[in-house]
Amino acid sequence: RPVSGHCRFLGRTVPGPARGGPDRRGNTVTVGVDIIEIDRVRRALERPSFRDRCFTEAERAYCDSRADPAQSYAARFAGKEAVGKALGCGVRFTWKEIEIVGRPKPSVSLSGRTAAFAERVQAGAVDLSMTHSREIAAAICVISPRNDG
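What counts, and at which threshold
- Residue positions within a chain follow its written sequence, with the count starting from 1.
- Residue-level local features of this predicted model are given only where pLDDT is at least 70; pairs of side-chain atoms are given and counted only at 80 or more, and the full residue set underlies all totals for whole chains, interfaces and linings.
- No hydrogens and no water enter the side-chain calculation; it runs on all heavy atoms of the structure.
- Strands are runs of DSSP state E lasting at least 2 residues, helices are runs of H or I lasting at least 4, and numbering of each runs from the N terminus.
- Burial classification: accessible surface area is computed with a 1.4 Å probe over protein chains only, and a residue below 20% of its type maximum counts as buried, one above 50% as exposed, and the rest as partly exposed.
- Residues count as neighbours in contact if any of their non-hydrogen atoms are within 4.5 Å of one another.
- Strand pairing follows a simple DSSP-based rule, namely that at least 2 bridges must link the two strands.
- Helix axes are fitted only over the stretch in contact, all axes being lines through C-alpha atoms; the angle between N-to-C directions runs from 0 to 180 degrees.
- A 1.4 Å probe that fits but cannot get out identifies a cavity on a 1 Å grid over protein atoms alone, an open set with protein on both sides within 12 Å along at least five of seven lines counts as a pocket, and a residue lines either if it has an atom within 4 Å of a point.
- Grid points are joined across faces, edges and corners, and a volume is the space filled by probe spheres set on the points.
- Residue classes follow a fixed rule: Ala, Val, Leu, Ile, Met, Phe, Trp, Tyr, Cys and Pro count as nonpolar, while Asp, Glu, Lys and Arg count as charged, and any other residue, Gly among them, counts as polar.
- A score between 0 and 100, pLDDT records how confident the predictor is in each residue.

A closer look at the overall build of the protein
Across its full length, the protein carries 5 helices and 7 strands. In the protein, the order of α-helices and β-strands from amino to carboxyl end is β-β-β-α-α-α-α-β-β-α-β-β. When the 149 residues of the protein are sorted by exposure, 37% land in the buried category. For the protein, contacts bridging at least 24 residues in sequence account for 57% of all contacts bridging at least 6.

Notes on the sheet that holds strand β3 (residues 30–37)
Spatial strand order, β3-β7-β6: 3 strands in an open sheet with antiparallel pairing. Edge positions in the sheet fall to β3 and β6 (123–132), since each has one partner strand and no second. With direction set aside, neighbouring strand axes in the sheet form an average angle of 15 degrees. Here β3 runs beside strand β7 (residues 136–145); their pairing, made up of 8 bridges, is antiparallel. Its bridge partner being in β7, V33 is matched across the sheet by I140. Its contacts with the sheet put helix α4 (residues 69–87) on β3, β6 and β7, and the angle it makes with β7 is roughly 30 degrees.

Thoughts on the layout of surface pockets
A volume near 280 Å³ is recorded for the largest pocket. What lines the largest pocket is a set of 17 residues, and nearest its centre among them are Y62, R76, R103, M130 and H132. Secondary-structure elements contributing two or more residues to the lining of the largest pocket are α4 and β6. Among the elements that make up the lining of the largest pocket, the one with the highest residue count is β6 (5 residues). Classifying every residue of the lining of the largest pocket gives 6 nonpolar, 6 polar and 5 charged.

Points about the confidence of the model for the protein
Averaged over every residue, the pLDDT of the protein is 84; the share at 70 or more is 82%. The spread of mean pLDDT over the elements of the protein runs between strand β1 (residues 6–9), the lowest at 34, and helix α1 (residues 38–44), the highest at 98. Segment residues 1–25 is flagged for pLDDT under 50; beyond a separation of four residues in sequence, or across chains, it makes 40 contacts in the model.

Here it is, written out as C-alpha cells:
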C-alpha cells in the first residue's frame, strides 16, 4: 500500500509528493515526451472537428501552409502531449490552452486552466523541441522550476 506522499511504480515505493500537489515541483526539472504516427493524425484531420478542437487559429494557419500539413499537425499534437506530461496535468479537453507557435524554435503559450495549473505547481520556463520523419512525429518538453529570486 502506498504511503501518503509516495506513488507506487513497478512494485517499488518512489518518494515524492502526490501528483499535482502544492509541493509537486520544488526545485525539480520535469520532462515530458510524446511520439505519434503521422498517418494517425492524417486520418484524424479528415474530421474538421479534430483540427478545430485541438489547434488554435495560429497553429492551423501555420500547419495548413506547409507542404505536408499532417506532419506539422502531428508534431504540434506530440508537443502539446509532451507539455501536458511535463506539467503533470495532461491535456484532456484543454488542447487549445497549450499553443505552440514560431519557428525555427517553437515557443509555448499557456492559457486557461492549464496556465493556472502551471502557476500552482510553480512551473518556470517551458522548453520544447519537436521533430518528424515521414512516418513519426515526436516532441520533448523540459520545464524548469520557477525562479522567484
